[in-house]
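# Inside the fold
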Amino acid sequence: MIKKIVSLVAALMVSMASHAQFEAGKTYIGASLSSFDLSYSGLSEGRLGLQGKGGYLFADNLMALAQLSYEKQKDMPYTLTLGAGGRYYIVQNGLYLGASALFKHRDRYDDILPSVQVGYAFYISRTVTIEPELYYEQSFKNHKDYSQVGLRVGIGIYLFKDATQN
């Protein structure tokens, strides 16, 4: 019982200590791994994805994002994805909702997909986060084979606009 109480107090302290982490003027750089058989689509077998993101907090709790990703799947050509979207940090504890539009290119196949995400930015230092994220991408060209739901785990770096800030 004591371990549970200590864990709860520690979680509360972490969430309270992260206040003002998502204020306007910060730059974001992130990288993540997706799939590695933690996603599902109609063609999901032996999949690995690498993703890079860049963003800017233009207002408190609101971030504009750009992303580039590469995905390789067993017995399939590679897929390149370009995307733009945004994040809204629900409260200052790191929980966020995201939405984006993605352009996917695969050998003789192009698709535009809307995507939604929910994740958590867990601070491991003053500027570095670990970001587990659940996502859903909806394909309009071939829903059965190319829509996917999955988990991605990433690392994010929140850069301050100058050294005098938190």
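Here is a short report on the structure shown in this document.

The rules we used
- Residues numbered from 1 in each chain as written.
- Predicted model: local features only at pLDDT ≥ 70, side-chain atom pairs only at ≥ 80, totals over all residues.
- Heavy atoms only, no water.
- Core = buried A, V, L, I, M, F, W, Y, C linked by side-chain atoms within 4.5 Å.
- Buried < 20%, exposed > 50% of the residue type's maximum accessible area, 1.4 Å probe, protein only.
- Contact = heavy atoms within 4.5 Å.
- Phe/Tyr/Trp six-rings, centres within 6.5 Å; stacked < 30°, edge-to-face > 60°.
- Helix = DSSP H or I, 4+ residues; strand = E, 2+ residues; numbered from the N terminus.
- Lys NZ or Arg CZ within 6 Å of the ring centre and 35° of its normal.

Our focus in this paragraph is the nonpolar core. The biggest cluster of nonpolar side chains holds ten residues, and these are Phe22, Tyr28, Leu57, Met63, Leu65, Tyr89, Tyr96, Ala121, Tyr123 and Tyr158. The residues touching Phe22, leaving out its near neighbours within four places in the chain, are Leu57, Ala59, Asp60, Asn61, Tyr89, Gln92, Gly94, Ala121, Tyr123 and Tyr158.

Turning our eyes to something else, we now look at the packing of aromatic side chains. Under the defined criterion, the tally for this structure stands at eight aromatic pairs. Aromatic side chains Phe22 and Tyr123 sit 5.9 Å apart centroid to centroid with 55 degrees between the ring planes, which places their arrangement in the tilted category. Taken together, the residues Phe22 in the loop between helix H1 (2-17) and strand E1 (27-40) and Tyr123 in strand E7 (residues 122-123) connect sequence positions 101 residues apart. The exposure classification of Phe22 matches that of Tyr123, with both residues buried. Between the aromatic rings of Tyr28 and Tyr158, the centroid separation amounts to 5.0 Å while the plane-to-plane angle is 55 degrees, which identifies the pairing as tilted. One end of the pair, Tyr28, is in strand E1; the other, Tyr158, is in strand E9 (residues 148-159), with 130 residues separating them in the sequence. Taking the relative accessible area as the measure of exposure, Tyr28 reaches 3% and is therefore buried. The class of Tyr158 is buried, set by a relative accessible area of 1%. Among the aromatic side chains, those forming a connected cluster through ring pairs are Phe22, Tyr28, Tyr89, Tyr96, Tyr123 and Tyr158. Directly above the ring of Tyr109 sits Lys141, whose terminal nitrogen or CZ lies 5.4 Å from the centroid.

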